[in-house]
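# Topology and contacts: notes
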Amino acid sequence: MRIDILTLFPEMFNGFLSESIIKRAIENKKVNVNIINFRDYTLDPHGKVDDTPFGGGAGMVLQIEPIYNALMDIKTDDSYVVLLTPSGVTFSQNKAKSFVKKNHLILICGHYEGFDYRIKELVDEEVSIGNFVLTGGELPAMMISDAVIRLIDGVISSESLDSESFDDDLLDYPVYTKPRDFLGMKVPDVLLSGDHLKIEEYRNSERKRITKEKEIKEKQN
Ligand code: ADE
């Protein structure tokens, strides 16, 4: 799989790409991630990529031309283009599962007051990572890439993916490790019982309980 990220701040991705599972996935050629500065695609002699909004208003607006030029350079029939914007559909585990099936994902990060609205014509989908406004799409691009890359075959063990949060719309069950008793906080007895059927029952009921608890908290939020 190939992921191309269009950004004005390529250095923000250095840490993300050079640590842990993502680093290994790249080294093992499970994924090819390219960080592309779309400032390189502006025709403006001073490297300008934004301008004031028609009709007036605060801030600067990203122009369509550099992004269009970048897409013309990298896009193929196999590409799926995603615009990161708070007005997009909220990202989810299901979306991660659909993105991992794409051969070539292109993520466009905005900055400043917003994009020239016509950029929407160039993309397949608009995605948000939640109902809040960030300074740019770089963190959303890292989050989405991370959620997608870990789903690529061979990036993490298939057992780890077997049962995890949001499968069957349920959150994952709680896990514990040594010590058995930490300052009086004990590991549930059932997990020490060696009874695999009971352990499975316990884990299933915990998944339901934790999911319900989150739903209640979300409603109060
Ligand atoms: N850019 C700024 N805020 C964002 C958000 N919440 N999701 C995606 N892209 C963004």
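Notes on the structure in this doc start here. (Residues numbered from 1 in each chain as written. Predicted model: local features only at pLDDT ≥ 70, side-chain atom pairs only at ≥ 80, totals over all residues. Heavy atoms only, no water.)

This paragraph deals with the overall build of the chain. When helices and strands are tallied, the chain shows 7 helices and 10 strands. In terms of overall size, the chain is more extended than a compact globule, its C-alpha atoms giving a radius of gyration of 22 Å where 221 residues would be expected to give roughly 17 Å. Along the first, second and third principal axes, the C-alpha atoms of the chain reach 70 × 45 × 35 Å. Taken over 221 residues, the chain has a buried fraction of 40%. Restricting to contacts in the chain with at least 6 residues of sequence separation, those with at least 24 account for 75%. Accessible surface computed for the chain: about 13600 Å², of which carbon and sulfur atoms make up 51%. Taking the average place of the 27 positive charges on the side chains of the chain and the average place of its 37 negative ones, the gap between the two points comes to 6 Å. (Helix = DSSP H or I, 4+ residues; strand = E, 2+ residues; numbered from the N terminus. Rg over C-alpha atoms; globule rule 2.2 N^0.38 Å. Buried < 20%, exposed > 50% of the residue type's maximum accessible area, 1.4 Å probe, protein only. Contact = heavy atoms within 4.5 Å. Areas by Shrake-Rupley, 256 points an atom, 1.4 Å probe, with all protein chains shown as cover. Lys, Arg positive; Asp, Glu negative; His and termini not counted. Charge placed at Lys NZ, Arg CZ, Asp CG, Glu CD.)

A cluster of nonpolar side chains, F9, M12, Y112, F132, L134 and L139, forms an exposed patch at the surface whose accessible area comes to about 540 Å². For F9, the position within the fold is in the loop between β1 (2–7) and α1 (14–17). (Patch = residues over 30% accessible without salt bridge, like charges linked within 9 Å, V, L, I, M, F, W, Y side chains within 5 Å. Salt bridge = Lys/Arg side-chain N within 4 Å of Asp/Glu carboxyl O.)

Right, let's talk about the nonpolar core for a bit. In terms of nonpolar packing, the biggest core is built from 30 residues, with F99, L107, I144 and I149 touching the most fellow members. Those elements that place two or more of their residues in this core are β1, α1, α2 (20–27), β5 (79–90), α4 (93–99), β6 (104–109) and α5 (138–149). Counting residues per element, this core draws most heavily on α5, which supplies 6 residues. Once you skip the residues sitting within four places of it in the chain, I149 turns out to touch I3, I22, A25, V31, V33 and V155. F38, V49, I74 and L122 belong to the second-largest nonpolar core, a separate cluster that totals 19 residues. (Core = buried A, V, L, I, M, F, W, Y, C linked by side-chain atoms within 4.5 Å.)

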